[in-house]
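Each chain, written out:
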Amino acid sequence: MTRRFYVTTPIYYVNGAPHIGHAYTSIAADVMARFHRLAGDDVFFLTGTDEHGQKVEQAAQAAGVAPKAFVDTVSANFRAMADAMAISYDDFIRTTEPRHIASAQALWRKVADNGAIYLDAYEGWYALRDECFYGEDELVAGPDGKKVAPTGAPVEWVKEPSYFFRLSDYQDRLLALYEQHPEFLGPHGARNEIISFVKQGLRDLSISRTSFKWGIPVPGDERHVMYVWFDALANYLSALGYPDTDAPRMAFWPASLHLVGKDIARFHAIYWPAFLMAAGIDLPRKVFANGWWTIEGQKMSKSLGNVIDPRELVADFGLDAVRFFVLREVPFGGDSDLSRKALMTRNNVELANDLGNLAQRTLSLVARNCGGVVPQRRSLTEEDQKLIGQVAVLPQLLAAQIERCALTDALEDVWKVIRACNAYIDHQAPWALRKTDEARMADVLRVLLDALRGIATMLQPFMPHSMARMLDQLGVAEDERTFAALETPLPGGRQLPAPQGIFPRYVEPEPS
Ligand code: ME8
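Quick notes on the rules
- Here the residue numbers are simple positions, counted from 1 along each chain's written sequence.
- A pLDDT threshold of at least 70 governs which residues receive local features in this predicted model, and a stricter bar of 80 or more applies before side-chain atom pairs are shown or counted, although totals over entire chains, interfaces and linings include all residues.
- Working from all heavy atoms in the structure, the side-chain values ignore hydrogens and water.
- Here, nonpolar core refers to any group of buried Ala, Val, Leu, Ile, Met, Phe, Trp, Tyr and Cys residues whose side-chain atoms link them within 4.5 Å.
- To sort residues, take the accessible area from a 1.4 Å probe on protein chains only and compare it with the maximum for the residue type: under 20% means buried, over 50% means exposed, and anything in between is partly exposed.
- Note that domain bounds follow an automatic or database assignment of domains.
- Note on terminology: near, applied to a residue and a molecule or strand, indicates that one of the residue's heavy atoms is within 4 Å of it.
- What qualifies as a polar contact is a pair of N or O atoms within 3.5 Å, subject to a donor-acceptor requirement within protein and to the restriction that residues adjacent in sequence count only when both atoms come from side chains.
- Throughout, the Shrake-Rupley method with a 1.4 Å probe supplies accessible areas, and for residues the shown protein chains are the sole cover considered.
- Every helix listed is a DSSP run of H or I at least four residues long, and every strand listed is a run of E at least two residues long, numbered separately from the N terminus.
- Polar here means any residue other than Ala, Val, Leu, Ile, Met, Phe, Trp, Tyr, Cys and Pro, which are nonpolar, and Asp, Glu, Lys and Arg, which are charged; Gly is therefore polar.
- Any residue with an atom within 4 Å of a point lines the site, the site being either a cavity, points on a 1 Å grid over the protein atoms alone where a 1.4 Å probe fits but cannot get out, or a pocket, an open set with protein on both sides within 12 Å along at least 5 of 7 lines.
- Grid points are joined across faces, edges and corners, and a volume is the space filled by probe spheres set on the points.
- Take the residue count of a helix, subtract one, and multiply by 1.5 Å to get its expected span.
- Here the arc refers to the set of directions running from the helix axis out to each C-beta atom.
- Whether two residues touch is decided by their heavy atoms; if any such pair falls within 4.5 Å, the residues are in contact.

Looking now at the nonpolar core. One finds F165, L327, L355 and L459 to be the most contacted residues of the largest nonpolar core, which totals 192 residues. Counting contributing residues, this core receives three or more from each of domain 1 (4–291) and domain 2 (341–487).

Around the ligand, a shell composed of 25 residues is seen, among which I11, Y13, T25, D50 and D263 lie nearest. Take W292: an N or O atom from its side chain is 3.4 Å from a nitrogen atom of the ligand. Protein contact buries 94% of the 680 Å² of open area that the ligand shows by itself. Listed by contribution, the elements that provide at least two residues to the shell around the ligand are β1 (4–13), α1 (20–38), α7 (228–233), α8 (235–238) and β14 (257–261). Considering only residue class, the shell around the ligand consists of 14 nonpolar, nine polar and two charged.

Counted as a void, the second largest pocket has a volume near 750 Å³. In terms of lining, the second largest pocket is formed by 36 residues, of which the most central are S256, L257, R285, K286 and E403. Among the elements of the structure, β1, α1, α14 (394–403) and α15 (407–428) are those that each provide at least two residues to the lining of the second largest pocket. By residue class, the composition of the lining of the second largest pocket is 22 nonpolar, five polar and nine charged. Residue contributions to the lining of the second largest pocket reach at least three from each of two domains, namely domain 1 (4–291) and domain 2 (341–487).

Given a rise of 1.5 Å per residue, 12 residues ought to cover 16 Å, and the 16 Å separating the end C-alpha atoms of helix α6 (residues 188–199) matches this to within 8%. Among all positions of α6, only A190, R191, I194, I195 and V198 are buried. Projected onto a plane normal to the axis of α6, the buried residues spread over an arc of 130° and lie on a single side. For α6, the exposed residues set more than 90 degrees away from the buried face come down to H188, E193 and K199. The elements touched by buried residues of α6 are α5 (171–180), β9 (185–186), α9 (265–279) and β15 (287–290). Backbone geometry just downstream of α6 places G201 in the positive-phi region, at approximately 110°.

Keep in mind these numbers describe shape, not what the thing actually does.
The following block contains the structure:
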């Protein structure tokens, strides 16, 4: 039976241009989606933009543009960024679309009909930057002694009529969820943080605003617009066609994985399951929070002028080198720093040297010494078998790593095999065998071609373009690139195209 896999990225705020942080979560989700497709699963991959709320409204005002025109432009930029990063989304949801608005309102009605919403007045702190309400006890002293949110965001005192969600009713059920389904929330640090936050007690949550207009009207009370997080979280259902339970896409619910940044774990691991419980809807299977990137040691911020558009990095290093770097540099879930130097080193050492040279050496030997024809697979020595065995277990090994969102470990598993191949080629020295034992040379090259095919197949989700090129050079047809196809060895005798380098070494240009 085909398994369904539904993976989401956060929907990004359209208050500014997309940057490498946004690209990061999308790249990770893309790897998951591509991996599951190659494993033969039925995949639905959703991304999009979060376009309502005061923060976006103010950004439009600052730009001197009407909100709708503003969000149209910025959302298009996010979509262009996703396309430039080869994010293979199946749908791109915008919260200003009628389909989303109707769906979020239906979810509200359902929660209200079940008695989980009441009208009162909110008086307390709000951080516009985080679009988050904070309790007095959560605030910390800022640099100038003023109270700020725990994230450092400025807070303002808000007092307005508001609808409330009975979040306090869900504390025990949420704790039971984390306890009974430890896989629901990861990584460990985020899980612990959320559990201790919930254990401290949950207050009812203000879920509507009256002091501005840029939002989805609350059904039945148009003086209020929905709190942007109620609106935004609903995207994961609206894109499937909720509340139409007959919509074909609804078969993808519950979501397999919401991938988010650690900044928004609270919204996904507390508010979202509580809203769903209140609506009587099944809960997502997993929420996983990625860590945070700094740039050359500093927080990315407009005022520091160090916000990196991933497309600039792609122009310098190539798309796949950037995708590889962000997932390889730090265990997925942890924080890390992005520097051009680190990117260059990864590219040169692991892509150009380890993998690129291995492919280039093997393919040029085949071109030169075998007329560019794939040798027949014949009997294998113990050493050959060992290497082929290491390749053969990769699909299984990686599936387990992907299941636990261990993307970096998955890459490390592949790199172990690449290193083993490099040791093998050095030890077997097929260039020397040419003169002494041509048949053995052909066997060794065949083993290497098979290993490279396995490696390139497994790396497709991470580096789709360069691995497609590598598979072309290895003579692997389009329909032979799935994980299942690896079980059938390529027939010998195929003519390969002339080998071409795949990963150029990067040399930092001299400062002018
Ligand atoms: O929070 N390092 O949108 P947002 C790593 N609209 N990841 C980063 C990052 C960084 N420096 N900066 C951003 C929102 N991200 C809401 C989401 S979902 C229903 C609504 C990534 O535009 C990370 O995934 O502020 C983070 O959670 C997301 O971008 C925040 O995007």
